[in-house]
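These are the residues of each chain, in order.
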There are 4 protein chains.
Amino acid sequence: MSAPKKVVLAYSGGLDTSIILKWLQTEYGCEVVTFTADLGQGEELEPARQKAELLGIKPDNIYIEDVREEFVRDFVFPMFRANALYEGEYLLGTSIARPLISKRLVEIAEATGADAVAHGATGKGNDQVRFELSAYALNPDIKVIAPWREWDLSSRTKLLDFAEKNQIPIAKNKRGEAPFSVDANLLHTSSEGRVLENPAEEAPDYVLQRTVPVEQAPNEPEYIEITFEKGDAVAINGEAMSPATLLTKLNELGGKHGIGVLDLVENRFVGMKSRGIYETPGGTILLAAHRGIEQITLDSGAGHLKDSLMPRYAELIYNGFWFSPEREMLQAAIDKSQEHVSGTVRLKLYKGATHTVGRWSEASLYSEAHVTFEDDAGAYDQKDAAGFIQLNALRLKLLAARNRRLK
Amino acid sequence: MSAPKKVVLAYSGGLDTSIILKWLQTEYGCEVVTFTADLGQGEELEPARQKAELLGIKPDNIYIEDVREEFVRDFVFPMFRANALYEGEYLLGTSIARPLISKRLVEIAEATGADAVAHGATGKGNDQVRFELSAYALNPDIKVIAPWREWDLSSRTKLLDFAEKNQIPIAKNKRGEAPFSVDANLLHTSSEGRVLENPAEEAPDYVLQRTVPVEQAPNEPEYIEITFEKGDAVAINGEAMSPATLLTKLNELGGKHGIGVLDLVENRFVGMKSRGIYETPGGTILLAAHRGIEQITLDSGAGHLKDSLMPRYAELIYNGFWFSPEREMLQAAIDKSQEHVSGTVRLKLYKGATHTVGRWSEASLYSEAHVTFEDDAGAYDQKDAAGFIQLNALRLKLLAARNRRLK
Amino acid sequence: MSAPKKVVLAYSGGLDTSIILKWLQTEYGCEVVTFTADLGQGEELEPARQKAELLGIKPDNIYIEDVREEFVRDFVFPMFRANALYEGEYLLGTSIARPLISKRLVEIAEATGADAVAHGATGKGNDQVRFELSAYALNPDIKVIAPWREWDLSSRTKLLDFAEKNQIPIAKNKRGEAPFSVDANLLHTSSEGRVLENPAEEAPDYVLQRTVPVEQAPNEPEYIEITFEKGDAVAINGEAMSPATLLTKLNELGGKHGIGVLDLVENRFVGMKSRGIYETPGGTILLAAHRGIEQITLDSGAGHLKDSLMPRYAELIYNGFWFSPEREMLQAAIDKSQEHVSGTVRLKLYKGATHTVGRWSEASLYSEAHVTFEDDAGAYDQKDAAGFIQLNALRLKLLAARNRRLK
Amino acid sequence: MSAPKKVVLAYSGGLDTSIILKWLQTEYGCEVVTFTADLGQGEELEPARQKAELLGIKPDNIYIEDVREEFVRDFVFPMFRANALYEGEYLLGTSIARPLISKRLVEIAEATGADAVAHGATGKGNDQVRFELSAYALNPDIKVIAPWREWDLSSRTKLLDFAEKNQIPIAKNKRGEAPFSVDANLLHTSSEGRVLENPAEEAPDYVLQRTVPVEQAPNEPEYIEITFEKGDAVAINGEAMSPATLLTKLNELGGKHGIGVLDLVENRFVGMKSRGIYETPGGTILLAAHRGIEQITLDSGAGHLKDSLMPRYAELIYNGFWFSPEREMLQAAIDKSQEHVSGTVRLKLYKGATHTVGRWSEASLYSEAHVTFEDDAGAYDQKDAAGFIQLNALRLKLLAARNRRLK
């Protein structure tokens, strides 16, 4: 790979990406464009502008954007249509944000004539894979720089030395090492590393960033109603909301009730296991609600097919293949199923758990006329079941007869 | 089908199966053998013996058996090795009990020279399918009698009239209609019908049979440790227990903390949707614990394959195909994966939720040496990730280049 | 089911459906509308009109339609996009025609105010299921009459008696029983029953309806080129053709070279095995050609996902679920993959076999620059493979180390 | 990776692996052990011994083994139980041989105290992955040396120079470059590269190594019968044979009739497409025969599950994951299905095609009593089909009613 001339950097304004910014300038002598996105991580973006300027970035080269609506509408919601869970439990909060960042990095590169993009993910994790596969899938000629895989700043001390040598301001509380590493966006907060590295030990409560410990959640349950249209949540308690507003509101509700905290040991795409504490308060409620509305609006054929495709779909997102033909194929199948996934679900939030307690819809397939224990007025002829069972049994009878014959 | 001469009836001792018993005698003039099983439903069995005798069954024709250990060891535990969930949520508590009952019915038929078996499931539900497919798979020549599909006792009044005419004792509290229908065994209690038929309305607390309402659960969390060997739970808090004893203990713990209550609208195999309230206190804890121990002892290849096979496996059990070649094939695959699923999981039980907080094992695949944020002493070469990403990206780059070329 | 008042009958003009026509009139006293479709079965349709009139059908109630283009465009081609094979070998020639017939039956019922449709499939086969599931999926209130399951005309003699009594003309060669049963349309001819019922015995050459025995095929191979656009064949040897014209031409070519004869024992949806001889000359060539063009235009992600979905897709069509949400979901995924499946495939036809010998496309993903044994000018860095392998191996190494540790 | 001290090299005796042998000695100064296996590639092995000795290998360090029976029994046959086809067409002839070679390399390394193994596969292909994943899965501490990814002998000229400098004898016909590259074993021969690199151009007949061009195959068909026991072929025309003997015989038959030649563009695991000409004469016959016996001995539940698992199974083998938990899980499922896959299949071999014409078995599930067009004496009640269809249709009717209601 030839040296990059102009690089778009995913820049948070924090110490690490500031060091990367400077390192790109000094190592490659290249022009740097910064991209700072508001994905709902809960940090102000303007300080990032000031820091970028301080590090010599031209105002025209500083991109700061609020992408929360795009994030929820085009990434989070499509994923929730699939009820995606990685390894049975993880709501993919980090995974789903990476393709959007890469998409904007590549677009800004094309707009500014940059030939490379750079990110601050390490060589051990999944995020490098997600950033880079997304970037290459969108622009096959782009260069991707991953400083953590290249430089020799392999210890905290070396990083701080580099920062000092290059006059990068270091906040007082960043001198020492953080007790664990955090990633956040509107869908979730993940914490991992250091104090969390022993999977046998319970994570301390102070790890929680946006969720109260369950014991401190209110002693009274709270009921809410979420309304869906074509598979996407559109209102809470009857109030219509934009995607990001809605997820923000669900996060408040979930956080207050201690909902959506997951302690997981998962399999990284790069081959090792890692332990994370994930907080997905709103997403956890949303998944329960979406399953609730599907219960009455999807038939078994669609529902079971979705369930069988889901693990593969979740794996693709986890592994970084959002922008791949196979994810798009699965999305087409999933989206096809959501045409009538409209209606309202009632949930009870209490002490860390979400309980689905009711659901109704004009598009409901639930037929009390058929299922009732009372007289069904001929809606269903129980004698049909005899034939149904006989023909389902036929092959089993032939097998049993064969196996007896051979004994 | 020619008329049966001798029938083995799945007999609970309750009013409905007593009516069936009498109806078989009067309708077919056949000899009846009763089979009453203790599956952990929490009822005494001896009254069933007395009632059977009262209805003229010869002592030799009365089979009363405690099958709880067989139930958990040979049916529940194999199913939990698969982390089976039907439609994403249902732990299959009713489904998994039916094949065992059919197995014993067929075995008793063969032992007593009976040519038929009979059950008390209606023509609208799944249980008829499960009973009958299992029976036919085990004995292709057996006759199966399903009185609910045959007789004209289509209302409560007609049933009671038949009972009175035939001198079947009717308990006072059975005169009126129950507000909902209940099925129970050691794994779960299901409630459905009547007051529960409107899926929009929250189920009243009095539906709960074995679980306290979450609000009434203790205000202090309780920690427990479950130990697994080769995929099956073998001890709680270090105390070794037999399968049924262990599940009974988990039920106590879960019931006390309000764990494992599910309000679900599901798709029946016979084509309609139904709403049920399921209580699976011990099973819910067991699933969380099993996933917890798999997190550190299964690699991603085995785990992801299991996840992708699970929906099909659960559907087979739900639909009544326990005794089918394809369920056995999937079981072989699943069991193959469990050889090293041994170790201990620590869980926190609180207010309706199970939180996995720690797990450890001699067979752990978690490698702190690889994952650590600290110096890994060369366990992992971050530069390998560059090649890994490049080759995973190659096809995406070729696609992107092709698509750009064609624009 | 209340008695039908007006029935649309799938009417071939042959003896069996003429008997059904008369039976509907006499049994139900209902008005009959006949629908006779040209699906490419190779019979003239006008005689069906005359016979219908002879049996008293009003001219307005006689529908005769050439649906060959719709058949190939909307049913055959979508299915071939999936490379569908049932049980690894069967090209689904009968299965795919049934939904179209049902669709027109239901549409004509709605246009003529009929409340029922009727078909001539027996109670042992798959076709009854396909006809009826399609009809119910398109009109939930339609009645479906399947005379073969209802009447007592259970022997050839009884059928002929009924025909004579009702003055239905019987062609001389229909007096005796046919040596086997045939179904045909533009995609295939199936033969089954009677002389073919022993699966151990080779089918005699005279069974073949549209394909020469391989030994009689030309001694010289013939080369052809098929061009695809977005997954569908559009030209042969550079000559653009409509879907039905193209398939007709491929049938001629395949038939001449003895291509596409399959002797299969398959599993019917109703639970029994049956043996059929299938001739799909054009379809067999088309499948090879479609796979050929996908080889260079689909990437592995899309291709492997398609391959994994295919068995389920084929099973759905075989079982009669063309008009089901899950078939439509799979179709959406498959169609999504075909956007760039355009280009030309060169095939050699010879003595019963189709050999793909070349393929080219503007949308090709094949990169000689990458794959070449010669100097690749840096298109591919072989050192990347080391990292790729290391990370793919990591979990296997961790497993091996664990397993060694436990020994 | 520290330098290896003693290396076991997969050594063919040819020029390339002789160069590798010498390069290992000179580059690493390490002791070399050679392993030469007879996998049925059709070359004598003793010359390899002489060449190894000539290059200074101690007699004790020269391992020459006939592994043909192990190859067919433990690798080829298990794979054929799955009817494995990669990308719908490729019988995995190269893929399946690599794990066996790696297994012996690792075993010899452990026996001789070697700390490394080496192979002659390039950095562009799949074989490097297969060799190395297998080696690491069997010994997590082994080093693997892949000279083609390390050295700078990047052209034919440099290789020959190195050979000359190191006094490696060069056969006259090896001076020039071969027109294409060949790999062979008892299952297949693959040819790729150079003259075959343009996928639009038909491969010339001279590429074929073990199969006659179809036009030159006999003008008379030949009938054979293959007998299976538990899924594996055990006899041809009634003559019992060992696995390797049987496959050898099938290769002769297939080669004579021009059977099993495949021209394929496939997706390599490393991300690029490549074109190969594969000859698998015996394997092609074996697949047809195995499918033939499964047709009558497997029920639809087992068969359809197998078909749905097969693409993943084939992909795992292609990608080099033979020694992985997920391949072993799938194998357990597949093997479970083969218990009664016993019986005989009759095939007609003619001009490049294999035609299954008959099959019979004591374990047959085919029931003429059920399927017959004649009177079935009550084996099957056609009225059962009505109930079967009604309940299969119920959800479709509810869907149709819902969709109409919403219009």
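Please read these numbers as outputs of a predicted model, since none were measured by experiment. (Residues numbered from 1 in each chain as written. Chains lettered and ligands numbered in written order. Predicted model: local features only at pLDDT ≥ 70, side-chain atom pairs only at ≥ 80, totals over all residues. Heavy atoms only, no water.)

**Details of the interface of chain B and chain A**
Here is step 1 of the chain: Contacts between the two partners involve 99 residues from chain B, matched on the other side by 99 residues from chain A.
Here is step 2 of the chain: Our enumeration of links across chain B and chain A arrives at 10 salt bridges.
Here is step 3 of the chain: Where chain B meets chain A, there are 50 residue pairs in polar contact (both at pLDDT 80 or more).
Here is step 4 of the chain: In terms of residues, the side of chain B that touches chain A owes the most to one element, helix H13 (residues 383-406) of chain B, which gives 15 residues.
Here is step 5 of the chain: Looking at side-chain class alone, the side of chain B that touches chain A contains 43 nonpolar, 23 polar and 33 charged residues. (Contact = heavy atoms within 4.5 Å. Salt bridge = Lys/Arg side-chain N within 4 Å of Asp/Glu carboxyl O. Polar contact = N/O pair within 3.5 Å; in protein donor to acceptor, adjacent residues only side chain to side chain. Helix = DSSP H or I, 4+ residues; strand = E, 2+ residues; numbered from the N terminus. Nonpolar A, V, L, I, M, F, W, Y, C, P; charged D, E, K, R; others polar.)

**Concerning the relation of the copies chain B and chain A**
Two copies of one chain are present, and they are related through a rotation about an axis combined with an axial shift.
Here is step 1 of the chain: Once chain B has been moved 0.0 Å along the axis and rotated by 180°, it coincides with chain A to within an RMSD of 0.0 Å. The transformation just described matches what one would write down for a two-fold rotation axis.
Here is step 2 of the chain: Taken together, the interface assignments show that 100% of the residues at the interface of chain B recur at the interface of chain A, consistent with an identical surface on both copies. (Least-squares fit on C-alpha atoms with pLDDT ≥ 70 in both.)

**Points about the nonpolar core**
Nonpolar side chains in soluble globular proteins generally cluster together in the buried interior.
Here is step 1 of the chain: In terms of nonpolar packing, the biggest core is built from 408 residues, with Phe71(A), Phe71(B), Phe71(C) and Phe71(D) touching the most fellow members.
Here is step 2 of the chain: For Phe71(B), the contacting residues outside a window of four places in its chain are Leu39(B), Val76(B), Ile96(B), Ala97(B), Leu100(B), Asn185(B), Leu186(B) and Leu187(B). (Core = buried A, V, L, I, M, F, W, Y, C linked by side-chain atoms within 4.5 Å. Buried < 20%, exposed > 50% of the residue type's maximum accessible area, 1.4 Å probe, protein only.)

**Looking at the packing of aromatic side chains**
Both the distance between ring centres and the angle between the ring planes are used here to describe each pair of aromatic rings.
Here is step 1 of the chain: Summed over all chains, the structure comprises 42 aromatic pairs over all chains.
Here is step 2 of the chain: A ring pair is formed by Phe269(C) and Phe321(C), whose centres lie 6.0 Å apart and whose planes are at 70°; its orientation type is edge-to-face. Taken together, the residues Phe269(C) in the loop between strand S11 (261-267) and strand S12 (273-279) and Phe321(C) in the loop between helix H10 (300-319) and helix H11 (325-337) connect sequence positions 52 residues apart. Comparing Phe269(C) with Phe321(C), the two get one shared label, buried.
Here is step 3 of the chain: Linked through ring pairs, Phe269(A), Phe321(A), Phe388(B), Phe388(C), Phe269(D) and Phe321(D) together constitute an aromatic cluster.
Here is step 4 of the chain: Directly above the ring of Tyr318(B) sits Arg130(B), whose terminal nitrogen or CZ lies 4.7 Å from the centroid.
Here is step 5 of the chain: A cation over an aromatic ring shows up here: Lys397(D) above the ring of Tyr136(C), its NZ or CZ 4.3 Å from the ring centre. (Phe/Tyr/Trp six-rings, centres within 6.5 Å; stacked < 30°, edge-to-face > 60°. Lys NZ or Arg CZ within 6 Å of the ring centre and 35° of its normal.)

**Remarks on the domain arrangement of chain A**
Residue and element names in this part refer to chain A.
Here is step 1 of the chain: Examined at the domain level, chain A breaks down into domain 1 (6-68 + 93-166) and domain 2 (181-298 + 340-360).
Here is step 2 of the chain: Taking only C-alpha atoms, the centre of domain 1 and the centre of domain 2 are 29 Å apart.
Here is step 3 of the chain: The interface of domain 1 with domain 2 comprises 14 residues on the first partner and 13 residues on the second.
Here is step 4 of the chain: Across the interface of domain 1 and domain 2, roughly 1,100 Å² is buried in total on both sides, 56% from carbon and sulfur atoms.
Here is step 5 of the chain: When the buried area of domain 1 at its contact with domain 2 is split by residue, Gly93, Lys124 and Asn126 rank highest and sum to 37% of it. (Domains from an automatic or database assignment. Buried area = accessible area lost by both parts, 1.4 Å probe.)

**Observations concerning the sheet that holds strand S9 (residues 232-236) of chain A**
Residues and elements named next belong to chain A.
Here is step 1 of the chain: One open sheet accounts for 5 strands, arranged S10-S9-S8-S13-S14; its pairing is antiparallel. Two strands bound the open sheet, and with one partner strand each, they are strand S10 (239-240) and strand S14 (353-360).
Here is step 2 of the chain: Bridge count between S9 and S10: 2 bridges; the pairing is antiparallel. Among the inter-strand pairings, Ala235 is bridged to a residue of S10, identified as Ala240.
Here is step 3 of the chain: Contacting strand S8 (222-229), S9, strand S13 (343-350) and S14, helix H9 (residues 281-297) crosses the sheet at an angle of about 30° to S14. (Pairing = 2+ DSSP bridges. Axes fitted to C-alpha atoms, helices over the stretch in contact; angles between N-to-C directions.)

**Details of the sheet that holds strand S2 (residues 31-38) of chain B**
Each strand in a sheet pairs with another by means of backbone hydrogen bonds, the pair being arranged parallel or else antiparallel.
Residue and element names in this part refer to chain B.
Here is step 1 of the chain: Overall, parallel pairing links the 5 strands, which are arranged S3-S2-S1-S4-S5 in an open sheet. Each end of this open sheet is capped by a strand with a single partner; those strands are strand S3 (62-66) and strand S5 (143-145). On average, adjacent strands in this sheet sit at an angle of 20° to one another, irrespective of strand direction.
Here is step 2 of the chain: Two strands pair when backbone bridges link them, and S2 and S3 are joined in this way by 5 bridges, in the parallel orientation. Bridge pairing links Ala37 to Glu65 in S3.
Here is step 3 of the chain: Where helix H2 (residues 46-54) meets the sheet, its contacts fall on S2 and S3, and the angle it forms with S3 comes to roughly 170°.

**Examining the pattern of salt bridges**
Here is step 1 of the chain: Evaluated as defined, the whole model comprises 124 salt bridges over all chains.
Here is step 2 of the chain: In this structure, Glu31(B) engages Lys6(B) in a salt bridge whose closest nitrogen and oxygen atoms are separated by 3.8 Å. Of this pair, Glu31(B) sits in strand S2 while Lys6(B) sits in strand S1 (residues 6-10), placing them 25 residues apart in sequence.
Here is step 3 of the chain: Overall, the relative accessible area of 15% leaves Lys6(B) in the buried class.
Here is step 4 of the chain: Here Asp74(D) and Arg73(D) are joined by a salt bridge, their closest N and O atoms 3.0 Å apart.
Here is step 5 of the chain: In this structure Arg73(D) comes out as partly exposed when scored by relative accessible area, which is 41%.

**Description of the environment of Leu39(A)**
Residue and element names in this part refer to chain A.
Here is step 1 of the chain: Checked against the element boundaries, Leu39 lands in the loop between strand S2 (31-38) and helix H2 (46-54).
Here is step 2 of the chain: In the structure, Leu39 is positioned 141 residues away from Phe180 in sequence and 21 Å away in space, judged by C-alpha atoms.
Here is step 3 of the chain: Those residues in contact with Leu39 that sit more than four places away from it in its chain are Val67, Arg68, Phe71, Ala97, Leu100, Ile101, Asn185 and Leu186.

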